[in-house]
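# Structure assessment
Here's the letter readout for the chains.
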Amino acid sequence: MGRERRFPVRWLLTASLIAMSAAQAQAQQSGPDQPKQTAFEAIDRNAKQIAEIGDAVYFFAEPGMHEFESTKLLKGVLEGAGFSVELGGAGMPTNLWAKWGSGKPNILIASEIDALPEGSQTPGSIPRKPMVPGAPGHMEGHNTHAGVTAATVFAVKQAMEKHKLPGTIQLSLGPAEEALGSRPFLVRAGYLNDVDAVLIVHIGDNFATGYGPQNYAAISATFTFHGKTAHAAVSPWEGRDAVDAVQLMDMGLDKMREHMRPTARTHRSIMNGGVQPNIIADLGRIWWFVRDASAQAAKENFDRLVKVGEGAALMTGTKMDPPDVVASAWPSLGNRPISEAIRKNMESVGLPKWSDEEVAFAKEFQKANGFREVGLATSLPPAGPRPQSASSNDIGDFTWNVPAGLMQFPGYAPGTVIHAWPAAVTPTSSMAHKGMVAAAKVMSASAIDLLTSPELLQKARDQFAQDTKDTKYFSLLPADAKPQLELNKEVMDKLRPAMSKFYMQVSPRFE
Ligand SMILES: [Zn+2]
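Just so you know, the residues in each chain are numbered from 1, in the order the chain's sequence is written. Residues qualify for local features only when their pLDDT is at least 70, as the model is predicted, and side-chain atom pairs are given and counted only at 80 or more; totals for whole chains, interfaces and linings, by contrast, use all residues.

Further remarks concern the overall build of the protein chain. Numbering goes from the N terminus for both helices and strands, where a helix is a DSSP run of H or I of at least four residues and a strand is a run of E of at least two. When helices and strands are tallied, the protein chain shows 15 helices and 14 strands. In this description the radius of gyration comes from C-alpha coordinates, and the expected globular size is given by 2.2 Å times residues to the power 0.38. Here the C-alpha radius of gyration of the protein chain, 26 Å, is about what a compact globule of 511 residues would show, namely 24 Å. Projecting the C-alpha coordinates of the protein chain onto the three principal axes gives extents of approximately 120 × 50 × 40 Å. Counting only residues that meet the buried cut, the protein chain has 52% of its 511 residues in that class. Residues are defined as contacting one another if the C-beta atoms placed from their backbone atoms lie within 7 Å. The long-range share in the protein chain, meaning contacts at least 24 apart out of those at least 6 apart in sequence, stands at 83%. Note on burial: count the other C-beta atoms lying within 10 Å of the residue's C-beta; 20 or more is buried, 12 or fewer is exposed, in between is partly exposed, and C-beta positions come from the backbone.

See below:
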């Protein structure tokens, strides 16, 4: 008392500081940071569950259209967290769509969880060591997407409930991304009609986000030729060789390549190449991927490829079926205002703190694979636009229908080449787990930005209108195209029993 009386000025100053911090605290209760804090706490509290979801999906190792165990596990996680979950929409049994809340804004989180054929690898083993030889495996780390996205929507829901934020949060895990197999069907079925913005996440070797076209359009189609069987030595003139047509189509495309844009990419697998040499083949089949920097250019390349096929049939006296377009993708279009919001959240969340062991393992892994021994990412890449990559993801179709934020997170050692088995070494490591937690924080913070800032959403809409002014979305799939449900069936029928011995017996639930 005496001190206060003797130093009234200091007392007043202290009192005003107390009053100010109380006002600040009140402002924060209703301000944008408090919901993010709630989301971050939910994510930190569930770090173990996030890792467990990612690891369980890794060991399921299910390729496109066979994500049965993976989606069953996620359905349990999401229903346990209060979401309504639809499995099997748009005619695809492993399509997962989860929803919580009601009304606007309606924010979608989207990714994929499929493995790749022949990617089986014992996690943590730097030498090649498949768990099940010939089996699929997560050599692109899509298993981590399961943990990141489930945690994101859970954390956003926690924040919406606690801070009474209006709106809807949804999660889409589309099947068969590796075969570009589902998103055009989801668009066609109207799943995006009420969505205001979508946030899309993919594993990478650092945080990254970009805007404008970020990758390539692609069309995947099989061409089937029918000939006439004959004895290849006794009466070859009676035969018409369907495999000759396949070869000529391949050569014809090689000739055409010189007169295509430098951005064009074409690649193929010969699916039917005859039965045995002394039988003229009456069936030939070739599967093509045609890509380019825009959907229009990819379509133009594809139409030319069809002509090459027709020419090959003409030359060989065989018949070509109409091409069977089985999958397609638009380039992913990143929305600049959303990307800038994501970037801010990346800066405030920051990269994970890597342990010495994690860095040492990354260097050992990099050395063994002939990559530069740089360890793990320690600073964010520069902000701003990123170059367009030649890869494709059918999630691109979403991005021409609603404003989309695209982001990558650090789950790999820098240098890792995906679609190759070494990429399956680290997706269950503590490094990946830390990256998943950081990714869920950035994703949930960005979703909260979209839910709480009408200005951001309006800017995103204006940018989207600008970006799509001269490019209206059309489906690259024919009107009668159906999802490729038979994809990967043979290998899964054969190998699932052996693969199932590695399944983790866990049922993670968020707290
Ligand atoms: Zn991927």
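Let's shift gears to helix 4 (residues 47-60). Each helix should span, by expectation, one fewer than its residue count multiplied by 1.5 Å. With 14 residues, helix 4 extends 20 Å between its outermost C-alpha atoms, agreeing within 8% with the 20 Å of an ideal straight helix rising 1.5 Å per residue. Across the 14 residues that make up helix 4, a large majority, twelve, are buried. Restricting attention to buried positions, one finds in helix 4 the residues Q49, I50, A51, E52, I53, G54, D55, A56, V57, Y58, F59 and F60. Summarising the contacts, the buried residues of helix 4 are in contact with helix 5 (68-80), helix 6 (142-163) and helix 13 (430-452). With its phi angle positive at about 50 degrees, A61 sits one or two positions after the end of helix 4.

A set of buried residues drawn from Ala, Val, Leu, Ile, Met, Phe, Trp, Tyr and Cys, joined through C-beta atoms within 7 Å, is what defines a nonpolar core. Membership of the largest hydrophobic core comes to 144 residues, with the highest contact counts inside it found for V198, A440, V442 and A447. Broken down by element, the residue count for this core peaks at 14 residues, all from helix 13. Sequence-distant contacts of A447, that is, excluding residues within four places in its chain, are made with I107, I109, T152, V156, I169 and L199.

Looking now at the domain arrangement of the protein chain. An automatic or database domain assignment is the source of the domain bounds shown. The domains assigned to the protein chain are domain 1 (33-215 + 331-500) and domain 2 (217-328). One C-alpha centre belongs to domain 1, the other to domain 2; they are set 34 Å apart. Between domain 1 and domain 2, the contact holds 15 residues from the first and 14 residues from the second. Within the side of domain 1 that touches domain 2, the residues separate by chemical class into ten nonpolar, four polar and one charged. Gly counts as polar in this scheme, as do all residues outside two lists: the nonpolar Ala, Val, Leu, Ile, Met, Phe, Trp, Tyr, Cys and Pro, and the charged Asp, Glu, Lys and Arg.

Taken residue by residue, the protein chain gives an average pLDDT of 94. The fraction at 70 or more is 94%. The low-confidence segment residues 1-30, where pLDDT is below 50, has four contacts with residues more than four positions distant or belonging to other chains. The pLDDT value expresses, per residue, how confident the predictor is, ranging between 0 and 100.

Here seven strands make up an open sheet; going across it, the order is 1-2-4-3-5-14-6 and the pairing mixed. Of all strands in the sheet, those with a lone pairing partner are strand 1 (84-87) and strand 6 (208-209), marking the two edges. Here strand 3 (residues 106-111) runs beside strand 5 (residues 197-204); their pairing, made up of four bridges, is parallel. By the bridge assignment for strand 5, I109 is matched with L199. Helix 5 rests against strand 1, strand 2 (96-102) and strand 4 (167-173) of the sheet, and its axis sits at about 165 degrees to strand 1. Strand pairing follows a simple DSSP-based rule, namely that at least 2 bridges must link the two strands. To obtain an axis, a line is fitted to C-alpha atoms, over the contacting stretch when the element is a helix, and the angle between two such axes runs from 0 to 180 degrees between their N-to-C directions.

Another aspect to go through is the environment of K72. If you trace the backbone, K72 turns up in helix 5. Take K72: there are 14 C-beta atoms within 10 Å of it, and that puts it in the partly exposed class. Considering only alpha carbons, one finds K72 and L96, 24 residues apart in sequence, at a separation of 9.2 Å.

The element strand 14 (residues 404-410) is largely enclosed, with a buried count of seven among its seven residues. The alternating pattern of strand 14 places A404, L406, Q408 and P410 and G405, M407 and F409 on opposite faces, both of which are buried. Note: strand 5 against strand 14, seven bridges, orientation parallel. Directly across from L199, in strand 14, lies its bridge partner G405.

Turning our attention to the packing of helix 10 (residues 336-349) against helix 14 (residues 454-467). The N-to-C vectors of helix 10 and helix 14 enclose an angle of 135 degrees; their axes lie 7 Å apart at closest approach. Compared by their axis directions, helix 10 and helix 14 come out oblique. On the side of helix 10, the interface is formed by R336, P337, I338 and A341, while helix 14 contributes L456, K459, A460 and Q463. Within the contact of helix 10 with helix 14, the residues separate by chemical class into five nonpolar, one polar and two charged. An angle below 35 degrees is treated as roughly parallel, one above 145 as roughly antiparallel, one from 65 to 115 as roughly perpendicular, and anything else as oblique.

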